[in-house]
Amino acid sequence: MFYELAAPTWGPEEIDAAKRVIESTFTTMGAEVKAFETEFAAYFGAKHGIMVNSGSSANLIATAALCFKTERPLARGDEVIVPVLSWATTYHPLQQYGLKLRFVDIALETLNMDVAQLEAALTPATRAIVAVSILGNPAALDVIRAFADRHGLYLIEDNCESMDAELGGKKCGTFGHLNTFSFFFSHHISTMEGGIVLTDDDELAHLCRSLRAHGWTRDLPPDSPVYSRKSADHYEAYRFILPGYNVRPLEIEAAIGRQQLKKLAGFTAVRRRNLALFQSLFQGDERFIIQRENGKSSAFSFTIILNPARNPDRNAVFVALTEADIGYRIITGGNFLRHDVLKFYDYDVVGGAAPNADIAHDYGFFVGNHPFDLEPQIRRLHDVLTTVCK
Ligand SMILES: Cc1ncc(COP(=O)(O)O)c(C=O)c1O
C-alpha cells in the first residue's frame, strides 16, 4: 500500500532478541520481563512497572487494583469520570467492576476530554477519573490531576495511544496514580501484543503484580504491603490473595520491547517531523479540522475532521483515499455512546449529549504516522483531500 495505517518498526535487533529467547527455551515471564519493566519505568521516571499481555489488560489490572486497595478502595456504584471518545477497553474494566461511568464530551480541537465540564461531572459519588490522551496528543492532564487531587479522586491515565508525549516538560503516562501503555503492533513501540502499568505507589504495584498472575503471592517479596508471609511451608508458593487473572506477558515480547525502547526517542523525533509537515499543509485550511497540540504530541497518527459547516461528503473522501491507496479509519473508537455494548453499562452523560464526539464520529477519520519519512505520502494525502473537498 502507498500509505499504510500501520507499519512495522522492527530491525535486525528485535529479530535477534526474539531468536535468543526462543533458543534459550525460557519463554514464559522471567528475566527479560523484569529487565524491560525496570528499563521502561526508568525511561518515564516511575518507581514500578508491571508488564502485561496488552494495554487492555493494563487497564483491567489498574482498575482492579483500585478496587482491592486496603484504604478507600473503589466500590460498586462509585462513579468514574471518563471522556466519551476512547477505545472500548478503556471503559470495559470499569463496567466489569460495577462502577458507574460519567461520560464527558471532548473538545473538538484536541479530541481530548473537555475539562471545562469537570465541575459539572462531579457528584458526591465520584471517586475516580480515567484520562486519555488521544492519538499522541496530551489531554489536559495537569488540569485533570489538580482537579483529582482537590477532590480526593484516583486518576488512571490510559496512555495507550500517547507514549512519549509531553505536557509541561513531563511525560504523559506519569500524571496518574496508575498509568497504562500499549505495545500493540501499530503503536509507538511494538512487542506484537503487550502493555504495562506504571505507578509510584507500592501497594498498587504489588496489587497489580498479584492480579497479573492468578492473584497469587509468588511474585511478591515477603515484606509486601499487600501480604505477609505466614510460614515457609509447602503451600506458600500457591497462596492466592486476590481474584486475579493470568495476563502475563511473554519473554519474547519483553526482549523485543527492550530493543524497541532504545529506539523510542528517535522514533518520536521522526514522527514529530512528519507531524510538522502535516500541520504546515493542513493548518488554517477551513475545510479541515486537525488536532491542535496540547504540549508536545508524540504523533501517533494524523486526524482530520471534515468541517461540518461545509456539509462535506465523507464517503466521497473515503472513495478518493481508497483510489489513492491511502489507508484511513475511524478516530480511535469514535463516540463510545454509539456502541451497542453500552446497554450493559451503568452510565450517564454530563450535559445529556456529546455533540463534539458526534462530529468526530460522523466527519472524522485518521491516517497513519510512522517513524520514517512520510513526505511523499503526506503530500499525496493533501493533494487528494484538497481536490475532493473543493
Ligand atoms: C486508549 C486505548 N486504551 C487501551 C487500548 C488497548 O490496548 P491493546 O490493544 O494493547 O489492548 C487502546 C488500543 O489501541 C487504546 O487506544
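Just so we're clear, the structure is a prediction, and the values are computed from it rather than from any experiment.

This part covers the overall build of the chain. Scanning the chain from terminus to terminus reveals eleven helices and 13 strands. The C-alpha atoms of the chain give 21 Å as radius of gyration, which agrees with the globular expectation for 390 residues (21 Å, within 12%). With respect to the three principal axes, the spread of C-alpha positions in the chain is 75 × 55 × 35 Å. Residue pairs in contact within the chain that sit at least 24 positions apart in sequence constitute 72% of those at least 6 positions apart. In the form shown here, the chain has an accessible surface area of approximately 15,800 Å², with 54% of it arising from carbon and sulfur atoms.

Another point: the side chain of Lys69. Its place among the elements puts Lys69 in the loop between helix H3 (55-67) and strand S2 (79-83). When neighbours within four sequence positions are excluded, Lys69 is seen to be in contact with Tyr154, Glu203, Leu204 and Leu207.

Two cysteines joined by a covalent bond between their sulfur atoms form a disulfide. Applying the stated criterion to the full structure yields zero disulfides. Cys160 takes part in no disulfide bond, and the closest cysteine sulfur to it belongs to Cys172, at a distance of 12 Å. For Cys160, a relative accessible area of 13% translates into the label buried.

Time to look at the pairing of strand S9 (residues 195-199). Within S9, five of the five residues are buried, which leaves the element mostly enclosed by the surrounding structure. Of the two faces of S9, both are covered, the one formed by Gly195, Val197 and Thr199 as well as the one formed by Ile196 and Leu198. Relative to S9, strand S1 (residues 48-52) runs antiparallel, the two being bridged by five bridges. Directly across from Ile50, in S9, lies its bridge partner Val197. Alignment of strand S8 (residues 178-182) against S9, held across four bridges, turns out to be antiparallel.

A separate point is the site of the ligand. What surrounds the ligand is a group of 16 residues, the closest being Gly55, Ser56, Asp158, Glu161 and Ser182. At 2.6 Å from an oxygen atom of the ligand is found a side-chain nitrogen or oxygen belonging to Glu161. If the ligand stood free it would expose 390 Å²; the protein chains cover 91% of that surface. The element best represented in the shell around the ligand is H3, accounting for three residues. Residue classes in the shell around the ligand are distributed as four nonpolar, ten polar and two charged.

As enumerated under the stated definition, the model contains 24 salt bridges in all. Put simply, Glu37 and Arg212 hold a salt bridge, and the shortest N to O gap is 2.7 Å. A residue pair is termed long-range when its members are at least 10 positions apart, and Glu37 in helix H2 (residues 31-43) and Arg212 in helix H7 (residues 202-212) qualify at 175 residues. According to the relative accessible area criterion, Glu37 is buried, its value standing at 6%. Linking Arg379 and Glu375 is a salt bridge whose minimum nitrogen-to-oxygen distance equals 2.8 Å. With Arg379 and Glu375 both in helix H11 (residues 375-388), this residue pair falls four residues apart, about one helical turn. On the accessibility criterion, Glu375 (35% relative accessible area) is partly exposed. Each of Glu79, Lys100, Arg102 and Asp348 takes part in one network of salt bridges that share partners.

The next subject is a nonpolar patch on the surface. On the surface, Trp10, Ile15 and Met192 cluster together to form a nonpolar patch covering roughly 250 Å² of accessible area. Within the secondary structure, Trp10 is located in the segment before helix H1 (12-24). According to the relative accessible area criterion, Trp10 is partly exposed, its value standing at 34%.

Overall, antiparallel pairing links the three strands, which are arranged S10-S11-S13 in an open sheet. At either margin of the open sheet sits one strand with a lone partner, and together these are strand S10 (288-290) and strand S13 (364-368). On average, each strand axis in the sheet is inclined to that of its neighbour by 30°, with strand direction left out of account. Examined bridge by bridge, S10 and strand S11 (residues 301-306) share three bridges and lie antiparallel to one another. The residue bridging Ile290 from the neighbouring strand is Ile304, located in S11. Sheet strands in contact with helix H8 (residues 251-282) are S10 and S11, and its direction is about 20° off that of S11. Sheet strands in contact with helix H9 (residues 314-323) are S11 and S13, and its direction is about 15° off that of S13.

What counts and how
- Residues numbered from 1 in each chain as written.
- Predicted model: local features only at pLDDT ≥ 70, side-chain atom pairs only at ≥ 80, totals over all residues.
- Heavy atoms only, no water.
- Helix = DSSP H or I, 4+ residues; strand = E, 2+ residues; numbered from the N terminus.
- Rg over C-alpha atoms; globule rule 2.2 N^0.38 Å.
- Contact = heavy atoms within 4.5 Å.
- Areas by Shrake-Rupley, 256 points an atom, 1.4 Å probe, with all protein chains shown as cover.
- Disulfide = S-S within 2.5 Å.
- Buried < 20%, exposed > 50% of the residue type's maximum accessible area, 1.4 Å probe, protein only.
- Pairing = 2+ DSSP bridges.
- Near = heavy atom within 4 Å.
- Polar contact = N/O pair within 3.5 Å; in protein donor to acceptor, adjacent residues only side chain to side chain.
- Nonpolar A, V, L, I, M, F, W, Y, C, P; charged D, E, K, R; others polar.
- Salt bridge = Lys/Arg side-chain N within 4 Å of Asp/Glu carboxyl O.
- Patch = residues over 30% accessible without salt bridge, like charges linked within 9 Å, V, L, I, M, F, W, Y side chains within 5 Å.
- Axes fitted to C-alpha atoms, helices over the stretch in contact; angles between N-to-C directions.

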